[in-house]
Amino acid sequence: IKSQGDDDMGVREEADRQANQLLQEIKNSNALQDLSENPLLLTMIATVHRRRGSIPRNRVELYRDICQVLLEKRQQAKGMTDVLTASQKQAILQPLSLELMRRKTRKFTLADIAPLLKAKLANLPQVQFAPEEFLKRLQEVDALIAKEQEGEFEFAHLSFQEYLAAVEIKDTHQEACLLEIFDDTEKLAWWAETMKLYAAQGDATRLIETALAAPNFEKLLLATDFWQVAV
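Every value quoted in this text rests on a predicted model; they were computed, and no experiment measured them.

Here's the deal with the overall build of the chain
Logical step 1: For the chain, the count of helices and strands is 12 helices and two strands.
Logical step 2: Starting at the N terminus and ending at the C terminus, the chain contains elements arranged as α-α-α-α-α-α-α-β-β-α-α-α-α-α.
Logical step 3: The C-alpha radius of gyration of the chain comes to 19 Å, within 12% of the 17 Å expected for a compact globule of 231 residues.
Logical step 4: Along the longest, intermediate and shortest principal axes, the C-alpha atoms of the chain span 65 × 45 × 30 Å.
Logical step 5: Across the 231 residues in the chain, those meeting the buried criterion constitute 43%.
Logical step 6: Contacts in the chain between residues at least 24 apart in sequence constitute 61% of all its contacts with a sequence separation of at least 6.
Logical step 7: Of the accessible surface of the chain, which amounts to about 12,500 Å², a share of 49% is contributed by carbon and sulfur atoms.
Logical step 8: In the chain, which carries 29 positive and 36 negative side-chain charges, the distance between the mean positions of the two groups comes to 2 Å.

Examining the layout of surface pockets
Logical step 1: Here the largest pocket is characterised by a volume of approximately 480 Å³.
Logical step 2: Lining the largest pocket are 14 residues; nearest its centre among them are I1, S3, A15, Q18 and R50.
Logical step 3: For the lining of the largest pocket, the secondary structure elements donating two or more residues are helix 1 (9–27) and helix 3 (39–52).
Logical step 4: Looking at the lining of the largest pocket element by element, the count peaks at seven residues for helix 1.
Logical step 5: Here the residues of the lining of the largest pocket are counted per class, giving six nonpolar, five polar and three charged.
Logical step 6: Taken as a whole, the second largest pocket spans an internal volume of roughly 240 Å³.
Logical step 7: Residue lining of the second largest pocket: E25, N28, S29, A31, L32, S54, I55, P56, R57, R59 and L62, and that is the complete set.
Logical step 8: Every element with two or more residues in the lining of the second largest pocket is listed here: helix 2 (30–36) and helix 4 (59–77).
Logical step 9: Looking at side-chain class alone, the lining of the second largest pocket contains five nonpolar, three polar and three charged residues.

Some remarks on the nonpolar core
Across soluble globular proteins, nonpolar side chains show a tendency to be buried alongside one another.
Logical step 1: By size, the foremost hydrophobic cluster in this structure holds 69 residues, and its most contacted members are F155, L178 and F226.
Logical step 2: Beyond its immediate sequence surroundings of up to four residues, F226 is in contact with F182, M195, K196, A199, A204, L207 and I208.

What about the pairing of strand 1 (residues 145–149)?
Logical step 1: Judged from the four bridges that link them, strand 1 and strand 2 (residues 152–155) form a sheet pairing that is antiparallel. Across the sheet, residue A146 finds its bridge partner in strand 2, namely E154.
Logical step 2: Hairpin remark: strand 1 followed by strand 2, antiparallel, with two residues in the connecting loop; positive phi at G151, about 85°.

Observations regarding the packing of aromatic side chains
Given two aromatic rings, one states the distance between the centres and the angle between the planes to describe the pair.
Logical step 1: Throughout the structure, instances matching the rule amount to four aromatic pairs.
Logical step 2: Ring geometry for F182 versus F226: centroids 6.5 Å apart, planes at 85°, classification edge-to-face. Taken together, the residues span a long stretch of sequence, with F182 in the loop between helix 9 (175–179) and helix 10 (185–199) and F226 in helix 12 (residues 217–229) at a distance of 44 residues.
Logical step 3: For F182, a relative accessible area of 3% puts it in the buried group.
Logical step 4: Through a chain of ring-to-ring contacts, the aromatic side chains of Y63, F160 and Y163 assemble into a single cluster.

Concerning helix 3
Logical step 1: Over its 14 residues, helix 3 extends 20 Å from the first C-alpha to the last, a length consistent with the 20 Å expected when each residue adds 1.5 Å.
Logical step 2: Taken from the residues just after helix 3, G53 is the one with a positive phi, measuring 90°.

Overview of the confidence of the model for the chain
Logical step 1: The share of residues in the chain with pLDDT of 70 or more is 95%, and the mean pLDDT across the chain is 88.
Logical step 2: The secondary structure element of the chain with the lowest average pLDDT is helix 4, at 79, and the one with the highest is helix 9, at 96.

With respect to the side chain of S97
Logical step 1: Looking at where S97 falls in the secondary structure, it is placed in helix 5 (residues 86–102).
Logical step 2: With sequence-adjacent residues up to four places away left out, S97 is seen in contact with F155, F160, Q161, L164 and A165.

Quick notes on the environment of I66
Logical step 1: Relative to the assigned elements, I66 resides in helix 4.
Logical step 2: Residues I66 and V48, 18 residues apart in the sequence, show an inter-C-alpha distance of 6.8 Å.
Logical step 3: In contact with I66, other than residues within four places in its own chain, are M44, I45, V48 and F160.

Each value, and the rule that gives it
Residues numbered from 1 in each chain as written. Predicted model: local features only at pLDDT ≥ 70, side-chain atom pairs only at ≥ 80, totals over all residues. Heavy atoms only, no water. Helix = DSSP H or I, 4+ residues; strand = E, 2+ residues; numbered from the N terminus. Rg over C-alpha atoms; globule rule 2.2 N^0.38 Å. Buried < 20%, exposed > 50% of the residue type's maximum accessible area, 1.4 Å probe, protein only. Contact = heavy atoms within 4.5 Å. Areas by Shrake-Rupley, 256 points an atom, 1.4 Å probe, with all protein chains shown as cover. Lys, Arg positive; Asp, Glu negative; His and termini not counted. Charge placed at Lys NZ, Arg CZ, Asp CG, Glu CD. 1 Å grid on protein atoms, 1.4 Å probe; cavity = no way out; pocket = protein on both sides within 12 Å on 5 of 7 lines; lining within 4 Å. Points joined across faces, edges and corners; volume = space filled by probe spheres on them. Nonpolar A, V, L, I, M, F, W, Y, C, P; charged D, E, K, R; others polar. Core = buried A, V, L, I, M, F, W, Y, C linked by side-chain atoms within 4.5 Å. Pairing = 2+ DSSP bridges. Phe/Tyr/Trp six-rings, centres within 6.5 Å; stacked < 30°, edge-to-face > 60°. Expected span 1.5 Å × (residues − 1). pLDDT = per-residue confidence, 0-100.

Okay, structure coming up:
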């Protein structure tokens, strides 16, 4: 009603149709069901659906769109301005996500990541943010970072940490760090989703070859997943 500027039977019928379509898409996707348990992320899913008319089948596209909504369009809808663009904020969050993946953790403190944030923010001379201010804005304004308890933070959902880490690996050509993980079963389980999201962005040949070099059941499943999602 708000977006159409009208309230009549046609508008309500179209709203019902789109709502039912969205609910069906969520029911048909385990990934969407998991994300939709978080009220904020459910709102972002609904926003992406309304803008596109459907939910992207590719998880990389879905996470990219949700990050765009969280980091930029959410502020625009509220009439807020930000000196940093969504791309600039994501350029800082990507190496942070990769570092957290390497540490095998979701949770972090400001002290843990202050050196990394300070170094990345220094590359933006027009910005005078201190690491603590940048982190506070991500939590209170962008909502991509959640505060679990006093002094301890994590991404709003692990999927975003995995996605941003995968994008960072792709952008900085660090595929070798993924290939090294296949010999460590414990690490492989932690990195599996990041690997799939990396494979979904391009050529997964080396991941598949490495998985099949010394295959077991887990690696065969991963190789199949890589082949299915690769573009």
